[in-house]
Amino acid sequence: AENEQPWGTPCTQLLVFVATPGCDGFPSLDSKEGYKLSVSEGSLLLSADAVWGALRGLETFSQLVGRDENGTYYINKTEIVDFPRFPHRGLLLDTSRHYLPLRAILETLDVMAYNKFNVFHWHIVDDPSFPYESLTFPELSKQGAFNAMTHVYTASDVQTVIEYARLRGIRVIAEFDTPGHTLSWGPGAPGLLTPCYLGKDPSGTYGPINPILNSTYQFVTSLFQEVSSVFPDFFLHLGGDEVDFTCWKSNPKIRAFMKEMGFGEDYKKLESFYIQRLLDIISSLGKGYIVWQEVFDNGVKVRPDTIIHVWKNSAPYMQEMANVTKAGYRALLSAPWYLNHISYGQDWMAAYQVEPLKFEGVPEQKDRVIGGEACMWGEYVDATNLAPRLW
Amino acid sequence: SRRAMGRAMGLAGVLVGLFLVPAVLVSTSLRHGAPRAESAPEPAERELATGAIPEDSLWPLPQWLRTSRRQLQLAPARFQLVHGAGSSAGPACGLLQDAFRRYYEYMFGQSRRRRGRRPLGARAEPELSQLQVVIESRDPGCHSYPHLASNEAYHLTVTEPVAVLKANEVWGALRGLETFSQLVHEDDYGSFLVNESEIDDFPRFAHRGILLDTSRHYLPLKSILTNLDAMAFNKFNVLHWHIVDDQSFPYQSIYFPELSDKGAYSYNHIYTPTDVRLVIEYARLRGIRVIPEFDTPGHTQSWGKGQKGLLTPCYSGEQPTGSFGPVNPILNTTYNFMTKFFKEISSVFPDAYIHLGGDEVNFDCWKSNPEVKEFMKKQGFGIDYAKLESYYIQKILNIVSSYDKGYMVWQEVFDNKAQLKPETVVQVWMENNYAHELSSVTGAGFTAILAAPWYLDYISYGQDWKKYYSVEPLNFPGSEKQKKLLIGGEACLWGEFVDATNLTPRLWPRASAVGERLWSSWNVTNLQDAYKRLTNHRCRML
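Keep in mind it's a predicted model, so treat the numbers as computed, not measured.

Chemist: Give a detailed account of the overall build of chain A, specifying residues and quantitative values.
Modeler: Each helix and strand in chain A was counted, giving 13 helices and 16 strands. Relative to the 2.2 N^0.38 estimate, which gives 21 Å for 391 residues, the radius of gyration of chain A is 24 Å and therefore close to what a compact globule would have. The C-alpha extent of chain A, read off along each of the three principal axes, is 90 × 50 × 45 Å. Burial analysis of chain A (391 residues in total) assigns 51% to the buried set. Between the averaged position of the 32 positive side-chain charges in chain A and that of its 46 negative side-chain charges there is a distance of 7 Å.

Structure below.
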């Protein structure tokens, strides 16, 4: 009868062979994710250089297993040699515009593993809220979270995310975006943000981090000392995007500083002044950094191993990719992948058709494109709609 | 309706008297459906609940509302929703009994403090011990189905020691219970409070619907029921169930079981007669009509799987291609089938109306079929296939009429000049120049409902609820009489890209904007005020 397929030798084991030990380590940009999968009669073999490749191979293997109409599980004879084209394949979640409960983050990590993503870019704090519970500065979340009891990530939560990710071969890169996007830092760190002025008097509102005070740099050093030890990845994302100069311009002390430093009216120089010092602090802590493209666009002096994150969709972003890589820096692409910008119909196709290397440049430049990230900004996203919007 | 207002004003007169005697009103904010005129900040008073101004979370906004700053406390252990003296409904009214329990749960359900003693130093406000519901009409409607002319007006008076909700029919009581539950709020310490208030409310439009499409993607029963709950929170009163279409036929027919056997996505993707009855009853208990749509002659690919010979075979030259088009309008067997099919539908679905579709009929297949071409000649239709479409629709309309049902149709049926009964409801859905279409439809004397600007499946980034909110349905050229023929509208969530994984967040709270537009007064248009109330309402719905 048709239903009785002569199945081959029943397969009882998938043998997983890993060449280099590394079970207890963390994945990194250089991790080897290649694997070979060999399925034939009586033999199922998955081999990889590193455990990270084994994880990728297990996912593929699970996708090959089928079930026929009688319920029998089967797998076809297969040979696969696989490795990623780009080593940095990330997803950004924004837990400041809307708090995301731990469960939502862990669920996202699971689906990332199904899709072989390997970087979780955690845009953890921003203007609207500061949910990160800091050991050194507990007031930051006490005053800055939407609700300090319920809408925070405790140290234990953060460790849970990092380990859950590690077990799936996913790096966790935390972003503490400064000097802009920091309004929620203000209540818990008085004196950190720039007081804006209306004429001669403070208006009562605040702007970006105050770049002219020593206390600022002491604070930043202490905070990033903690962040560097909490998050094991070599890279931190330092933000540096969308700094609004209006408040700085209104503040007389800042204007005086600008004069003193000979910056003229070019506030980009002040921004660079801050970023420079921040980058030096981070370097001295032994970490590498990723920054949004403004840092590069505004001519800040960055270390050669800086990664520039290209996000602006208004300008031709491929030109930006060319410029960044031409200047010798590594680049990440996000501009065409702002998944929070939903639209009707099968918009996945537009994302799929992006070719990250479609720009004019020599092979060395193209090599500097290390990958990209899909971004799910949180203005209109919370646990009620994250999953169907993202996947 | 004028009648409800008249009675309400008389009642208000009596109550104003009662109010003035104890002289308890500290200040009032009076609204006739208009945004708050007085914006002066009120001095903080000890008894004012932190942050809560009662109107800040009402949705949709009632027609007439007066609140005071005086508050009453509710004790979950003692508070009761009961039938009031003189009500024509009593404990035998299952619909109200069910509603009482449901609204009690909504108000106090999260609280674990149902069995507690009042601690020392607790709030000093008087206790509100009951909400009495009084149905005034001789026949309350407990055991009947809601219909287009149902009376949804209610009058709510919240004052100590007992609040009173008066309505002509149970449908108004359901609306009033929802409003009352929106007035009850918790203070920082967990005490339940409600401001003394008086509300007189009724819907601006009688037909306020949501369209769900269970053919493009099957929606499990739970999804549909959750959605009916959400509709009740927003005072929607029609579920337009677009149950079958090209892609699948999930409706399990008693006379024609092959339709779903062959036409559903799988046996797991059907609605059994029990499922259908459950939806109808669940809806009824919330004052929601269920209007099924069996769309023909187009949108019927899935019907052909279980009913051979129903659809028109398409031709390429002299040969059938093997594919099929719309329902075949030239065969007697078609009308025999439809007669029997709609007999079943008429008895399964109790609403007075059935939606018969009639949209987007592609004529290509008909044009290719030699027998159809022959028929066109015989009938003298020339090459005007709209006439053939009308010929078909006419016969279906007559079949359905013979079962004493009214019908709703998409606008093409009107546009293509089929002969419609005067009570036909025409649904205007084409976005292009819909105001003009509304003029034409109502100008020809037909009742209309508006869906065109409210296709919620067309998602876009950001706060698109604002554009749905800003639609003014009566913005079309026409006489007073014509405007009266626009009886309401529907927010449509077509299912091409929607299933149980994303239905709820895609539909709500965007559909809430449509809900208020259809219930509240025409001048409730302030987006800032709406934003404030909608954010509170959304959190409450979660």
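Chemist: Quick one: what's the story with the nonpolar core, residue by residue and with numbers?
Modeler: F180, F294, F341 and F342 of chain B are the most contacted members of the largest nonpolar core, which has 127 residues in total. Among all residues touching F342 of chain B, those that are not within four sequence positions of it are F294, I354, L356, I396, I399, V400 and Y403 of chain B. Counting residues in each nonpolar core, the second largest holds 84 residues, with L100, V161, I170 and V354 of chain A among its members.

Chemist: Which residues make up the sheet that holds strand β18 (residues 486–493) of chain B, and what values go with them?
Modeler: All names here are of chain B. The strand order β9-β10-β11-β14-β15-β16-β17-β18 describes a closed barrel built from 8 strands, whose pairing is parallel. Each strand axis lies, on average, 30° off the axis of its neighbour in the sheet, ignoring direction. As defined by bridge partners, strand β9 (residues 207–213) adjoins strand β10 (residues 238–242) across 5 bridges and the pair is classed as parallel. If you follow G209 over to β10, its bridge partner there is V238.

Chemist: Help me get a handle on the sheet that holds strand β12 (residues 235–239) of chain A, residues and values and all.
Modeler: Adjacent strands of a sheet pair through backbone hydrogen bonds, lying either parallel or antiparallel. Residue and element names in this part refer to chain A. Taking strand neighbours around the barrel as the criterion, the 8 strands line up as β7-β8-β9-β12-β13-β14-β15-β16 in a closed arrangement whose pairing is parallel. Pairwise comparison of adjacent strand axes, ignoring direction, gives a mean angle of 25° for this sheet. Note: strand β13 (residues 288–292) against strand β14 (residues 307–310), 3 bridges, orientation parallel. Note that in β14 the partner of W292 across the bridge is H309.

Chemist: Quick one: what's the story with the UniProt feature "domain: Glycoside hydrolase family 20 catalytic" (unreviewed entry) in chain B, residue by residue and with numbers?
Modeler: In the numbering used here, UniProt assigns the feature "domain: Glycoside hydrolase family 20 catalytic" (unreviewed entry) to residues 205–520 of chain B. In residues 205–520 of chain B, helix accounts for 40% and strand for 19%; the two terminal C-alpha atoms are 9 Å from one another.

Chemist: Any details on the UniProt feature "domain: Beta-hexosaminidase eukaryotic type N-terminal" (unreviewed entry) in chain A? Residues and values, ideally.
Modeler: The positions UniProt marks with the feature "domain: Beta-hexosaminidase eukaryotic type N-terminal" (unreviewed entry) are residues 28–64 of chain A. Its end C-alpha atoms 27 Å apart, residues 28–64 of chain A is made of 38% helix and 32% strand.

Chemist: Account for unusual backbone geometry, with residues named and values stated.
Modeler: The step from E160 of chain B to P161 of chain B runs through a cis peptide bond, and the omega angle for that step is -5°. Its location among the elements puts P161 of chain B in the loop between β5 (154–158) and β6 (162–167). Residue P509 of chain B follows W508 of chain B across a cis peptide bond; omega there is 0°. Within the secondary structure, P509 of chain B is located in the loop between α16 (503–507) and α17 (510–519). Within the chain, H181 of chain A stands out as a residue other than glycine whose phi angle is a positive 60°. Considering the arrangement of structural elements, one finds H181 of chain A in the loop between β9 (171–178) and β10 (193–198). The phi torsion at E360 of chain B lies on the positive side, around 45°, for a residue other than glycine. The topology assignment puts E360 of chain B in the loop between β14 (353–357) and α9 (364–368). Judged by relative accessible area, E360 of chain B falls into the partly exposed class, the value being 45%.

Chemist: Pulling in residues and values, what's your account of helix α10 (residues 370–379) of chain B?
Modeler: Residues and elements named next belong to chain B. Of the positions making up α10, those classed as buried are V372, F375 and M376. In an axial view of α10, the angular spread of the buried residues amounts to 105°, which keeps them on one side of the axis. Among the exposed residues of α10, those pointing more than 90 degrees away from its buried face are K377 and K378. Of the surrounding elements, those touching the buried residues of α10 are β12 (311–316), α9 and α11 (385–402). Where α10 begins, the capping side chain belongs to N369, and its oxygen is found 2.8 Å from the backbone nitrogen of E371.

Chemist: Describe in detail the pairing of strand β15 (residues 330–333) of chain A, supporting the description with residues and values.
Modeler: Residue and element names in this part refer to chain A. With 4 bridges joining them, β14 and β15 adopt parallel strand pairing. Its bridge partner being in β15, I308 is matched across the sheet by A331. For the crossover from β14 across helix α10 (residues 317–326) to β15, the handedness is right-handed. As paired strands, β15 and strand β16 (residues 369–376) are joined by 3 bridges and run parallel to one another. Bridging from a neighbouring strand, L332 pairs with G371 of β16.

Chemist: Tell me about the state of the cysteines, residues and numbers included.
Modeler: All names here are of chain B. Using the criterion set out here, one finds 3 disulfides over all chains in the structure. Here C93 connects covalently by a disulfide to C142, the sulfurs 2.0 Å from one another. Where C93 bonds to C142 through sulfur, the torsion about that S-S bond is close to -105°, and the disulfide is left-handed. Of this pair, C93 sits in the loop between β3 (80–83) and α2 (94–108) while C142 sits in the loop between β4 (130–135) and β5, and the two are 49 residues apart along the sequence. Residue classification places C93 among the buried positions, given a relative accessible area of 2%.

Analysis parameters
In this numbering scheme, every chain counts its residues from 1 along its sequence in written order. Whichever chain is written first becomes A and whichever ligand is written first becomes 1, with later ones labelled in order. Reporting of local features is limited, given that this is a predicted model, to residues whose pLDDT is at least 70; pairs of side-chain atoms are given and counted only at 80 or more, and all residues count toward the totals for whole chains, interfaces and linings. Excluded from the side-chain calculations are hydrogens and water; all other atoms, namely the structure's heavy atoms, are used. Here a helix means four or more residues in a row that DSSP labels H or I, a strand means two or more in a row labelled E, and each is numbered from the N terminus. A radius of gyration in this sense is built from C-alpha atoms; the matching globule rule multiplies 2.2 Å by the number of residues raised to 0.38. Relative accessible area decides the class of each residue, using a 1.4 Å probe on protein chains only: under 20% of the type maximum gives buried, over 50% gives exposed, and in between gives partly exposed. Lys and Arg are tallied as positive, Asp and Glu as negative. Neither His nor the chain termini are counted. To locate a charge, take atom NZ for lysine, CZ for arginine, CG for aspartate or CD for glutamate. Residues grouped as a nonpolar core are buried Ala, Val, Leu, Ile, Met, Phe, Trp, Tyr and Cys residues, joined through side-chain atoms within 4.5 Å. The contact criterion used throughout is that any non-hydrogen atoms of two residues lie within 4.5 Å. Note on pairing: DSSP must find at least two bridges between two strands before they are called paired. Between the N-to-C directions of two axes lies an angle of 0 to 180 degrees, each axis being a line fitted to C-alpha atoms and, for a helix, fitted only over the stretch in contact. UniProt positions are given in the numbering used here, feature names are shortened, and annotations may be inferred rather than shown by experiment. Directions drawn from the helix axis to the C-beta atoms are what define this arc. Polar contact is defined as a pair of N or O atoms within 3.5 Å, subject to the rule that within protein one atom must be able to donate a hydrogen and the other to accept it, and that residues adjacent in sequence are counted only when both atoms are side-chain atoms. Crossover handedness is defined here as right-handed if the route from the first strand over the helix to the second strand goes clockwise, with the strands pointing away from the viewer. Note on terminology: pairs of cysteine sulfur atoms within 2.5 Å are recorded as disulfides.

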